[in-house]
Number of protein chains: 2
Amino acid sequence: MKIVLLGYGNVAAHLVHAFQAHPQTEVVQIFSRSSVNEEGLPPVTNDLNQLKEADVYIIAISDNAIKEFSRSLPLQGQLVVHTSGSVSIKSLSAKNRRGIFYPLQTFSRGRSVDFSTVPICIEAVQDGDQQLLMELAGFISENVVAIDSKQRRTLHLAAVYVNNFTNHLYQVSEEILAQRDLDFSLLRPLILETAGKMESLPPGEAQTGPAVRKDDKTIKKHLKLLRNKQHKNIYKVLTKSIQRNHGKKL
Amino acid sequence: MKIVLLGYGNVAAHLVHAFQAHPQTEVVQIFSRSSVNEEGLPPVTNDLNQLKEADVYIIAISDNAIKEFSRSLPLQGQLVVHTSGSVSIKSLSAKNRRGIFYPLQTFSRGRSVDFSTVPICIEAVQDGDQQLLMELAGFISENVVAIDSKQRRTLHLAAVYVNNFTNHLYQVSEEILAQRDLDFSLLRPLILETAGKMESLPPGEAQTGPAVRKDDKTIKKHLKLLRNKQHKNIYKVLTKSIQRNHGKKL
């Protein structure tokens, strides 16, 4: 299967590596406005009029640029998909066959990702295109799901909690430790195990800590220790939410 | 080194296994009020008057029971430590030599923990005891630190954010997905990678998502999608805190 990658940010870079590692997929070209200095890549162009023939064109650019960019493509009747969790399939120009190829993962430069476990969420307007995209995704991942735009939106929203918000809690804890010259690295094994537990326990059962124990003494001590208003606010809101959740169950 | 474990909850069970795996440490006895049905364990007693001789007595019971329990021990001049992150060393009865042996990790039944990476936080009143505890911890972990009660309190508070609060965000996301019949397992690879990033990136640099991008359009869409008041509240507070943090840096 021949693929053209449109854009070369984090998602695109990781996709190119995943496709290159598989014999049945070939990235025939990368379109990138900025120059790409990397070895072992497919040909890179910065001219949309030079786009090669491919089975799938994958737009991997920032969410708010997708709509306009898809209109600017000099393609007609081709399968054009994007990789965003939050942009509707309808944002893509109708002059091409539209689809979604959304890898539900966070990608950073310099960290390799095992694509075989990454859920890839597929959507297409035509059945044949959906089959083709499922097959393409199946080459690089063992976790391919067909979901519609509404479900994808919900998935993306849930991902904000476990990724963006969780990461912010990491930062808050780093700030709290810094006040007493304690190193954030002390928390790393705990961070990994908290995430690792989700492999075998539902989050409701894994919940521990003063909030779920209704240990008001410790909660009061903690609130007294916290100097930063935002930190305090987060502590209160999450403690209240934990207690409400676990109160309900009794 | 001979150890008596006082209590047999999650922390104690994991400690016993770690000590048993090391040739230079021996758990000579476990004290437990409730009966313990497990094979390959050291002798278990439920009678405090039958406690054996040991170099260290480790109290691993719930936080709010430590003070009274340490007073009830029929020991004098022995090294008695507890494993809690939030209880002061002064809560231990002064009739014995007091110390802290706090493994900074979350322990669940049925999940084995690699103790070699777990930070063990040591505190003692006497220098000799501190050395002994550092040595004992060093047998099972490569990550032993001496920290005082104030630092330990701060560490425990920070741990609440990365463990208890993070786990609650997992639960919130599970609830959000359930509304559209989506399975929580879809988020597992993302959860693991969000945590895994902390091995190589500081949380401030790893921050992504609509809040840090100041993508008001997506934020508004998300708030509209959220029906649950608590979920909405958490979204707002964390988004505000992310934006405040990252605004500061500009």
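Residues numbered from 1 in each chain as written. Chains lettered and ligands numbered in written order. Predicted model: local features only at pLDDT ≥ 70, side-chain atom pairs only at ≥ 80, totals over all residues. Heavy atoms only, no water.

Mapped onto the elements of the fold, Ala206 of chain B is located in helix α6 (residues 203-206). Sequence-wise, Ala206 of chain B and Leu187 of chain B are 19 residues apart; in three dimensions their C-alpha atoms are separated by 18 Å. When sequence neighbours within four positions are dropped, the list of residues in contact with Ala206 of chain B reads Asn167 of chain A together with Lys197, Met198 and Leu201 of chain B. (Helix = DSSP H or I, 4+ residues; strand = E, 2+ residues; numbered from the N terminus. Contact = heavy atoms within 4.5 Å.)

With that settled, consider the sheet that holds strand β8 (residues 144-146) of chain A. All names here are of chain A. Strand order across the open sheet formed by eight strands is β3-β2-β1-β4-β5-β6-β7-β8, with mixed pairing between neighbours. Two strands close off the open sheet at either side, each with one partner strand: β3 (44-45) and β8. Bridge count between strand β5 (residues 79-82) and strand β6 (residues 97-103): four bridges; the pairing is parallel. Counted as the bridge partner of Val81 is Gly99 from β6. Each of β1 (2-6), β2 (26-31), β4 (56-59) and β6 touches helix α1 (residues 10-20); the most contacted strand, β1, lies at about 165° to it. Contacts from helix α3 (residues 127-140) reach β1, β4, β5, β6, β7 (120-124) and β8 within the one sheet, and its direction differs from that of β7 by about 165°. (Pairing = 2+ DSSP bridges. Axes fitted to C-alpha atoms, helices over the stretch in contact; angles between N-to-C directions.)

Residues and elements named next belong to chain B. Spatially, eight strands are ordered β3-β2-β1-β4-β5-β6-β7-β8 in an open sheet, and the strand pairing comes out mixed. Of all the strands in the sheet, the pair left with one neighbour each is β3 (44-45) and β8 (144-146). Judged from the two bridges that link them, strand β2 (residues 26-31) and β3 form a sheet pairing that is parallel. Bridge assignment links Ile30 to a residue of β3, and that residue is Val44. Against the sheet, helix α1 (residues 10-20) engages β1 (2-6), β2, β4 (56-59) and β6 (97-103), with an angle of about 165° to β1.

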